[in-house]
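For reference, the chains in residue letters:
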Amino acid sequence: MFKYKTLHHNEHGYVIKCSQSSPIQIGFGYFALANTENEFAEFGRMINNCYEENKDSFGFVPGQKRIQDSTPPRNMFWVFSLNELKRFTELLSQAHISLELEKIFTTVENEN
């Protein structure tokens, strides 16, 4: 049986980590994906960059799905509204902070 640790969740999605192996699972909207820690960090940077590039764009209606971002499979794209992209960025950011804190506490415990 798998045991998961919740890194962060809210009404829009979740980020969990398997306690027995390293995959990090992200669930948001209509999709879920699994990443290694390195892939998760890179994915978070990619989503944050997409948000930063679009947050001040004129002509975007915050609830309208008009922002697309590429995915590892070249023939697939994610399409977000500005509001969704902001919520997704916040979810990933909070999960990343939890993961970093977990690493710090583990390091301190191992040193004692």
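Shown above is the structure to which this text applies.
Predicted model only: the values in this text are computed from it and were never measured. (Residues numbered from 1 in each chain as written. Predicted model: local features only at pLDDT ≥ 70, side-chain atom pairs only at ≥ 80, totals over all residues. Heavy atoms only, no water.)

(A) How the structure looks around the overall build of the chain. When you go through the chain residue by residue, the secondary structure sums to two helices and six strands. Considered along the principal axes of its C-alpha atoms, the chain spans approximately 55 × 25 × 25 Å. Burial analysis of the chain (112 residues in total) assigns 32% to the buried set. Within the chain, contacts between residues at least 6 apart in sequence are counted, and of these 37% link residues at least 24 apart. (Helix = DSSP H or I, 4+ residues; strand = E, 2+ residues; numbered from the N terminus. Buried < 20%, exposed > 50% of the residue type's maximum accessible area, 1.4 Å probe, protein only. Contact = heavy atoms within 4.5 Å.)

(B) Molecular detail of the packing of aromatic side chains. Summed over the entire model, instances satisfying the criterion amount to seven aromatic pairs. Pairing F43 with W78 gives two aromatic rings, centres 5.3 Å apart and planes at 70 degrees, and the pair type is edge-to-face. Residue F43 is found in helix α1 (residues 37-54), and its partner W78 is found in strand β6 (residues 77-80); the two are separated by 35 residues along the sequence. Judged on exposure class, the residue F43 and its partner W78 are both buried. The structure contains a cluster of three or more aromatic residues connected by ring pairs, namely F28, F31, F43, W78, F80 and F88. (Phe/Tyr/Trp six-rings, centres within 6.5 Å; stacked < 30°, edge-to-face > 60°.)

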